[in-house]
Amino acid sequence: CTLGSVEKMYMPPEIDPDESVLQNQILFERIVAADLNVKPGEKVLELGCGCGAIAEHIAELTGASPYGINLDRSQIEKAWRNPNLPRANFQTGDFNKALEFDDESFDAVYAIQPMTYVSDHAFTFAEVFRILRPGGRFVINDVAALDAYDRDDDHQRTLIQHTRELTVFGGFWYYKYWEDTYRNTGFDLISSVGRSAVEMIKKEVALFDKYEAVFRALAKIRVIPKRTDAMMQRMNENSQSYIQAEEEELLTLNWHCVAQKPE
């Protein structure tokens, strides 16, 4: 991610194919900000906030007060060093456990591609429901299997496995599973839609093709270890499976759900 353009640690859907990956992240975050439907001064929590880069942008767009939890302390420490983020609002936390917030303490909650690491969605969704005020929204954007995916098809399973190795997503669920989990928790589902990231993926692969050529040359003259070149080749090889899986509409990394806690 550091080598490429995905410093915010997620692959955005294609909003404008003529723009860069970073610009599409910015455009996508504008959509998320609108979906959250919050007013200046209200409290918004990001699950899996990383270093707070997305939270910073959402706060800028909405005027809301940003909060975040993340499992990796080093990422939270990076958020603490950001002068645009209130240090006290960002903390290490595991959303597979009870959230350490009072009932009805947030006006909105969102999560961009971390929900694949939830072990018990019913529990985590119930925790989000608990800490949301009535009328508050819960927005997620995460990986989902699509209608064309056949788990008994060896070719398709291989494409999914390669995609998992490249993107390190965890669990893999059918998009209607996300919808059912919202409803079973008590949320009103406002929208549920998938967006392709394939053109964004191709942009990133084109960049890594250049890196791969450089790595191969450096490994040949022993400036870097051969295993580094081998790793880069493996990543690029799996990226073609990722593209194919999206083009065959087997999965999307960007199934986007917006739901609201009843008033």
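The structure contained in this document is the topic of the report that follows.

Conventions used here
Residues numbered from 1 in each chain as written. Predicted model: local features only at pLDDT ≥ 70, side-chain atom pairs only at ≥ 80, totals over all residues. Heavy atoms only, no water. Helix = DSSP H or I, 4+ residues; strand = E, 2+ residues; numbered from the N terminus. Rg over C-alpha atoms; globule rule 2.2 N^0.38 Å. Buried < 20%, exposed > 50% of the residue type's maximum accessible area, 1.4 Å probe, protein only. Contact = heavy atoms within 4.5 Å. Areas by Shrake-Rupley, 256 points an atom, 1.4 Å probe, with all protein chains shown as cover. Lys, Arg positive; Asp, Glu negative; His and termini not counted. Charge placed at Lys NZ, Arg CZ, Asp CG, Glu CD. Pairing = 2+ DSSP bridges. Axes fitted to C-alpha atoms, helices over the stretch in contact; angles between N-to-C directions. 1 Å grid on protein atoms, 1.4 Å probe; cavity = no way out; pocket = protein on both sides within 12 Å on 5 of 7 lines; lining within 4 Å. Points joined across faces, edges and corners; volume = space filled by probe spheres on them. Nonpolar A, V, L, I, M, F, W, Y, C, P; charged D, E, K, R; others polar. Core = buried A, V, L, I, M, F, W, Y, C linked by side-chain atoms within 4.5 Å. Arc of directions from axis to C-beta. Parallel < 35°, antiparallel > 145°, perpendicular 65-115°, else oblique. Left-handed = near helix turned anticlockwise from the far one by under 90°.

## Observations regarding the overall build of the chain
When you go through the chain residue by residue, the secondary structure sums to eight helices and seven strands. The C-alpha atoms of the chain give 19 Å as radius of gyration, which agrees with the globular expectation for 263 residues (18 Å, within 12%). Structurally, the chain occupies a C-alpha span of about 60 × 45 × 35 Å along its principal axes. For the chain, the proportion of its 263 residues judged to be buried stands at 48%. A sequence separation of at least 24 residues applies to 74% of the contacts in the chain between residues at least 6 apart. Accessible surface, the chain as shown: approximately 12,800 Å² in total, 49% of it carbon and sulfur. Separation between the mean location of the 28 positive side-chain charges and that of the 42 negative ones in the chain comes to 6 Å.

## Some points on the sheet that holds strand β3 (residues 90-92)
Sheet architecture is open: seven strands sit in the order β3-β2-β1-β4-β5-β7-β6, paired in mixed fashion. One side of each edge strand has no neighbouring strand; the edge strands of this open sheet are β3 and β6 (188-194). Within this sheet the neighbouring strands show an average axis-to-axis angle of 15 degrees, counted without direction. Judged from the five bridges that link them, strand β1 (residues 43-47) and strand β2 (residues 65-70) form a sheet pairing that is parallel. By the bridge assignment, V44 is partnered in β2 with P66. Across the sheet, helix α4 (residues 121-131) is in contact with β1, β4 (106-112) and β5 (132-145); its angle to β5 comes to roughly 150 degrees. Here helix α6 (residues 175-185) sits on the sheet and contacts β5, β6 and β7 (251-260); the angle it forms with β5, its principal contact strand, is near 165 degrees.

## Details of the layout of surface pockets
Unfilled space is identified by rolling a water-sized probe across the atoms. Reported here for the second largest pocket is a volume of approximately 230 Å³. In terms of lining, the second largest pocket is formed by A145, L146, Y149, R151, R157, I160, Q161, R164, F172, W173 and Y174. Looking at the lining of the second largest pocket element by element, the count peaks at four residues for helix α5 (residues 154-167). Across the lining of the second largest pocket, the residue classes break down as seven nonpolar, one polar and three charged.

## A few points about the nonpolar core
Ranked by size, the top nonpolar core spans 27 residues in total, and within it L45, L47, V109, M115, F138 and I140 carry the most contacts. For this core, the secondary structure elements donating two or more residues are β1, β2, β4, α4, β5, α6 and β7. Looking at this core, the element that brings in the most residues is β5, giving four residues. One finds V38, A79, Y110 and V139 within the second-largest nonpolar core, a separate group that totals 21 residues.

## With respect to α6
Looking only at α6, the buried set comprises Y175, W178, E179, T181, Y182 and T185. For α6, the angular spread of buried residues about the axis comes to 160 degrees, placing them on one side. Buried residues belonging to α6 abut α4, β5, β6 and β7. One or two steps after α6, the chain reaches G186, where phi turns positive at roughly 115 degrees.

## Quick word on the environment of A144
Along the chain, A144 falls in strand β5. For A144, a relative accessible area of 0% corresponds to the buried category. Those residues in contact with A144, other than ones at most four positions away along the chain, are F172, W173, Y175, W178, L250, L251, T252 and W255.

## Focus: unusual backbone geometry
Phi angles above zero are rare outside glycine, and E104 is one such case at about 50 degrees. Structurally, the position occupied by E104 is in the loop between β3 and β4. Its identity is not glycine, yet R222 carries a phi of approximately 65 degrees, on the positive side. Exposure remark for R222: the relative accessible area of 71% places this residue in the exposed category.

## As for empty space enclosed by the protein
All told, the structure shown has one cavity of 30 Å³ or more when counted by the stated rule. Reported here for the largest cavity is a volume of approximately 40 Å³. Lining the largest cavity are V44, A55, I58, A59, T62, A64, S65, P66, Y67 and Y110. In terms of residue count, the dominant contributor to the lining of the largest cavity is helix α2 (residues 53-62) (four residues). When the residues that make up the lining of the largest cavity are grouped by side-chain class, the tally is eight nonpolar, two polar and no charged.

## Quick look at the packing of α4 against α6
Look at α4 against α6: their axes get within 9 Å of each other, and the N-to-C directions meet at 50 degrees. When the interaxial angle is binned, α4 and α6 end up oblique. In this structure, the crossing between α4 and α6 has a hand that is right-handed. In this structure, α4 contributes H121, A122, F125, A126 and F129 to the contact, and α6 contributes Y177, W178, T181, Y182 and T185. For the contact of α4 with α6, the residue count by class is seven nonpolar, three polar and no charged.

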